[in-house]
Amino acid sequence: MECTADTVALLWMGRQLPLSPGHFTVSCFYYTIWNFIPKNLFEQFRRIANFYFLIIFLVQLMIDTPTSPVTSGLPLFFVITVTAIKQGYEDWLRHKADNEVNGAPVFVVRSGSLVQTRSKNVRVGDIVRVAKDETFPADLVLLSSDRAEGTCHITTASLDGETNLKTHFAVPETAVSQTVSKLESLQAVVECQQPEADLYRFVGRITVSLQGEEIVRPLGPENLLLRGARLKNTKEIFGVAVYTGMESKMALNYKCKSQKRSAVEKSMNTFLIIYLGILLLEAVLSTILKYAWQSERKWDEPFYNEKTEQEKNSSKILQFISDFLAFLVLYNFIIPISLYVTVEMQKFLGSFFIGWDLDLYHVESDQKAQVNTSDLNEELGQVEYVFTDKTGTLTENEMQFRECSINGVKFQEINGKLVPEGVTDDSPDGYMPHLVRVLLHQTLSAISIYTNTGEEELFLKAVSLCHTVQINYDQTDGPRDTFLQANGVSDPVEYYASSPDEKALVEATRRMGVTFVGNNGENMEIKTFGRSEKYKLLHVLEFDANRRRMSVILQTPSGEKVLFTKGAESSIFPHARSGEVDKTRVHVDEFALKGLRTLVVACRRFSAGEYEEVDRRLHEARTALQQREERLAEVFSFIERDLELLGATGVEDRLQEKVQETIEALRLAGIKVWVLTGDKHETAVSVSLSCGHFHRTMNILELVQQKSDSECAEQLRRLARRIREDHVIQHGLVVDGTSLSLALRQHERLFMEVCRSCSAVLCCRMAPLQKAKVVRLIKTSPEKPITLAIGDGANDVSMIQEANVGIGIMGKEGRQAVRNSDYAIARFKFLAKLLLVHGHFYYIRIATLVQYFFYKNVCFITPQFLYQFFCLFSQQTLYDSVYLTLYNICFTSLPVLVYSLFEQLVHPHVLQSKPALYRDISKNALLSFKPFLYWTLQGFSHAFVFFFGSYILMGEDTSLMGNGQMFGNWTFGTLVFTVMVITVTLKLALETHYWTWMNHFVTWGSIAFYFIFSLFYGGIIWPFLHTQDMYFVFVQLLSSGSAWFAIIIVVVTCLFPDVVKKVLYRHLRPTSTQKSQVIEAYPGTSCLDSACCFSEGKSGFAWLGRLVERTMSRCDLARVTSLYVIFYTSEQHLFIPSVGTPPNPTPFLVLSAVRNSSMQW
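Residues numbered from 1 in each chain as written. Predicted model: local features only at pLDDT ≥ 70, side-chain atom pairs only at ≥ 80, totals over all residues. Heavy atoms only, no water.

K.L.:
Which parts of the structure should I look at to understand the overall build of the protein?
P.N.:
Helix and strand counts for the protein stand at 40 helices and 37 strands. Burial analysis of the protein (1161 residues in total) assigns 55% to the buried set. Once local pairs closer than 6 in sequence are excluded, the contacts in the protein between residues at least 24 apart make up 74%. Within the structure as shown, the protein displays about 50500 Å² of accessible surface, and the carbon and sulfur contribution to it stands at 57%. (Helix = DSSP H or I, 4+ residues; strand = E, 2+ residues; numbered from the N terminus. Buried < 20%, exposed > 50% of the residue type's maximum accessible area, 1.4 Å probe, protein only. Contact = heavy atoms within 4.5 Å. Areas by Shrake-Rupley, 256 points an atom, 1.4 Å probe, with all protein chains shown as cover.)

Written out as structure tokens, the structure reads:
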């Protein structure tokens, strides 16, 4: 057989391949000590804002600009440094983890003895010894174990989360080499495929030389021990390393997730472009006005500033460009450089709240919510569509056997008994299974409706033998008495299975009297009603998603070769040639209508000649290095035919706790829920009805079993017409995978029209890629809605990665969904709080943060622009360069960061109890153009008040000092800057609803820090400064009573309209959130806007209560028509006080009318 070099790797056991050491170390880091600075700088300057400020900084260095290069360079350096430290620390943690892995001790066979070395020194071809409970340091092909048959048990929890024991096998020729000396003399060559990431695929073969004869054996996933897996229930094993370091399958699964950008980030970039346009407009306008002003000679060349010869002869075009760049530098702070680093810090720090939330902690499994990416926190508050898996997501994935069909007769399990349907067993010996009594007494039971027990026994044997279940040998030393188990005595035997269905079925047959005792690799042992039977395991035909079935070929105690197979009804019925096919099909449909998961069981008996051909074809397919999967699929189809139908099973997967309440909450929040499942139509509809996804009054529409494009299109038109005619009724849509493929092929728009008109959509019989296609279909629709996908299994990974937000459930189908998700939770019910509370909080916090950042920078730079009209556009700066540098870094940065971490408009319990509040922030409401325009115009208006208010109050008379000393340029600029710092800080205080000690500390502390810093900066002569224009300026400013008066007047003038607007809007046009704030704080209040509706004894309002009590004994409408009170308290934040101090304080204005004459103070 010829094998190409790009698909096959060849290695000799015991010989190290001459590869560089980098092949054998695990490296998850991104940087090294040598490339950190250039690589990190390259990554950071790919951001538009950082690159923009770099250009501004270079312009300041190259030309004569009005401000020092420090004003742009220092903030840029701060942002770059903070980001570099954060990324460097995260990469250092990765280096640390890598060193721990690469430095782990490992024993290898070298020169005839065991030598201890480090994991990073393991080479391809080394023979490695691994002891019990140790992890495998590389991908190893199992050579031998301490067991004679060469088997071992492992767990792959660190790879896929499956905690069950998995059995792996050594080929017989190497299984006997259980000592170092025998392994040293072993001559063998392993050929395998090149490294790939698929954990469940391995193609190779081993050629062993024994006494001059070469024996070739196939190698598959059952022979490969993956790095990261752990050895269990086996003393030690020896294996040869085939993939090491970054070529191991575990390392190849370290994949970078596709970059997902949130709607907030997109809005932020849009705003950045708009402000860049404003910046360019101001710079161009200032440059034009400068030359227009200088058209008069007296302003172009005044007597005190005559031009040099070089200036007179310079190019006009170059001078215009130079002036334009100078104005660009002067106004560049309108672009907030610190916005990105603040947003990044807010997302990083804010993500910890999800993991700390005890409401998202699952006690039974000891699992808390985890955040895999913090870049999408605010996206949790914008979800419009939820796509959910069913099994393990809506359900527990804990299977309980309920019913079965055997040879056309339907049975159900009642109290551990297998009883024909419609019959109850009330006999005294009800603890003993019905079928056991029949066999023991060799007589027909009075409740039995059949006469032959051989068929039922064969069915139970097939179920108990056709599986990959393992027994935990740590808890049992051997087989137990099955009659004790059947009679309710506790049994120490514990089954482990990769599929919960298999475990449930094996446990069910044990209760019925057919007990699976164990599998030693060659033989499977069962006890049939106390009688021990051993079956030789010849072949296992593994389950795959295409065949949807698995099979085992066994040799019975009598020597007969028999195939047992089980799988989906669609994969078994077409291949059945005998048995009660029609009756079983009816029973399977009935099971599905009850919401049970169904499996169909069949068998096939081989003659000696037939088995020889089967064995030969299987061996050829399994030893092929090229197209092994295709050849195996062909052989499996050849084997699994002409089946004898034995029966079917119905297993119940019960719903998780509070699934119905969660789906209803999501629906009230305006979120559409789609269920995407691989289950059959009837099962999926039944579960959808039971979980509240479909409700009984909903009109269920179906798009199923469509055979052609034309038939599918016609059905879609009928559904669309029916929806238009019954527009009042809520509709639910059921579509299967086949029909979906037809609908998406040529009728995508019509299909989308039908889906958008339905309140709930159920897609059944879905392949994993079809799930991703459905998510992509909705995500890329013209409305561009925010989608969320949630699932627990590997088959959900594609849709989790496709959706805007992917959530993994820490379930029983492994950890692949969790590893590939953005967030992970233990139960579906946690989704409600994750979206309705955390999503709500994250969105309002970051939306306000972004708007506030642009607002305060407009306030900052607009006075600079206005000042140019008073200095002949000479590019004179209004603020000192230190103030320019520290404004965004120190004076205004902390309050908004703390706000963005702790703000709560409404208490979490109110958000959960009123899911409709989620609609208030949907569709990016707080970052739409209207709020953006409001914040921007408010920034410009405040800037005008800062500048002209200070200018008017100073007027023509600048001698505001008591001694007649005049104020100058720097004093005026400092006054404007002082008013601005106070106003923008108090503006954020007005927006704050939830006050903590940290909010108070940073809000008032920032203002105090500004005053203290200015006093020290201007009150001392600093020797390292070349010039000190601000010397004693701030001290003189504060010593003027007129300046204090100006500060107070300007601040009140700016904020008073905002306070009035908030009060009027809250009274006249309150939002749902504002109404809920009132109900939250005052649950017993009926007169929502009455100042009479607050309780006595509140410390913050005691003075007001005493005042009104002295004035009037009661609130009488005849005596009092209106009451207007302006007050501030640190304890209340809403209009109406009540018992129980709410946690959201803010200053506010109460305008109220007394409406209840009987209400007492």
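K.L.:
For this particular structure, what's the right way to read the sheet that holds strand β34 (residues 805-809)?
P.N.:
Whenever strands of a sheet pair, they do so through backbone hydrogen bonds, lying parallel or antiparallel. The strand order across the open sheet built from nine strands is β14-β35-β34-β33-β15-β29-β32-β31-β30, with neighbouring strands paired in mixed fashion. At either margin of the open sheet sits one strand with a lone partner, and together these are β14 (370-371) and β30 (699-703). In terms of strand pairing, strand β15 (residues 383-388) meets strand β29 (residues 672-676) through four bridges, oriented parallel. Among the inter-strand pairings, Y385 is bridged to a residue of β29, identified as K672. Packing against the sheet, helix α27 (residues 768-779) makes contact with β15, β29 and β33 (786-791), and its axis sits at approximately 160° to β29. (Pairing = 2+ DSSP bridges. Axes fitted to C-alpha atoms, helices over the stretch in contact; angles between N-to-C directions.)

K.L.:
Please clarify how the pattern of salt bridges should be interpreted in this entry.
P.N.:
Opposite charge on two side chains allows them to pair when their charged atoms are near. In this structure the tally under the stated criterion is 40 salt bridges. Across the pair K923 and E384 runs a salt bridge, and its minimum N-O distance is 3.0 Å. Of this pair, K923 sits in the loop between α33 (908-913) and α34 (929-954) while E384 is found in strand β15, placing the two residues 539 residues apart along the sequence. Judged by its relative accessible area of 61%, K923 is exposed. (Salt bridge = Lys/Arg side-chain N within 4 Å of Asp/Glu carboxyl O.)

K.L.:
What exactly am I supposed to notice about the packing of aromatic side chains here?
P.N.:
How two aromatic rings sit relative to each other is given by the distance of their centres and the angle of their planes. Under the counting rule described, the total for this entry stands at 51 aromatic pairs. On the basis of an interplanar angle of 80° and a centroid distance of 5.4 Å, the ring pair of F348 and F352 is categorised as edge-to-face. Overall, the relative accessible area of 32% leaves F348 in the partly exposed class. Taking the centre distance of 5.8 Å and the plane angle of 10° together, the rings of F1013 and Y1017 count as stacked. Note that F1013 and Y1017 are positioned in helix α36 (residues 997-1019) at a spacing of four residues, about one turn of the helix. (Phe/Tyr/Trp six-rings, centres within 6.5 Å; stacked < 30°, edge-to-face > 60°.)

K.L.:
Hey, could you run me through the confidence of the model for the protein in this one?
P.N.:
The predicted structure's coordinates, where accompanied by low pLDDT, should not be read in detail. Across the protein, the average pLDDT comes to 78, with 79% of residues at 70 or higher. For the stretch residues 1-8, pLDDT sits under 50, and the model shows 21 contacts to residues farther than four places along the chain or on other chains. In the model, residues 475-490 has pLDDT below 50 throughout and makes 28 contacts with residues more than four positions away in sequence or in other chains. (pLDDT = per-residue confidence, 0-100.)

K.L.:
Sorry, what's going on with the pairing of strand β6 (residues 151-156) here?
P.N.:
Within a regular strand, side chains alternate between the sheet's two faces. With six of six residues buried, β6 is to be regarded as a mostly interior element. Residues T151, H153 and T155 line one face of β6 and the alternating positions C152, I154 and T156 line the opposite face, and both faces are buried.

K.L.:
It is not clear to me how the packing of helix α32 (residues 893-902) against α36 should be interpreted in this structure. Could you clarify?
P.N.:
Two quantities define a packed helix pair, namely the angle between the axes and the distance from one axis to the other. Taken N-terminus to C-terminus, the directions of α32 and α36 make an angle of 165°; their axes are 8 Å apart at the nearest point. Relative to α36, α32 is oriented roughly antiparallel. Once α32 is placed against α36, the crossing between them reads as left-handed. Contact residues: α32 offers L894, P895, V898, Y899 and F902, while α36 offers M998, N999, V1002, T1003 and S1006. Among the residues forming the contact of α32 with α36, the class breakdown is seven nonpolar, three polar and no charged. (Parallel < 35°, antiparallel > 145°, perpendicular 65-115°, else oblique. Left-handed = near helix turned anticlockwise from the far one by under 90°. Nonpolar A, V, L, I, M, F, W, Y, C, P; charged D, E, K, R; others polar.)

K.L.:
For this particular structure, what's the right way to read a nonpolar patch on the surface?
P.N.:
On the surface, a cluster of nonpolar side chains totalling about 560 Å² of accessible area is made up of V284, I288, I317, L318, F320 and I321. Only α8 (263-293) and α11 (316-331) provide two or more residues apiece to the nonpolar patch. By residue number, the principal contributor to the nonpolar patch is α11, which donates four residues. Here I288 is to be found in helix α8. Residue class for I288 comes out partly exposed when judged on its relative accessible area of 48%. (Patch = residues over 30% accessible without salt bridge, like charges linked within 9 Å, V, L, I, M, F, W, Y side chains within 5 Å.)

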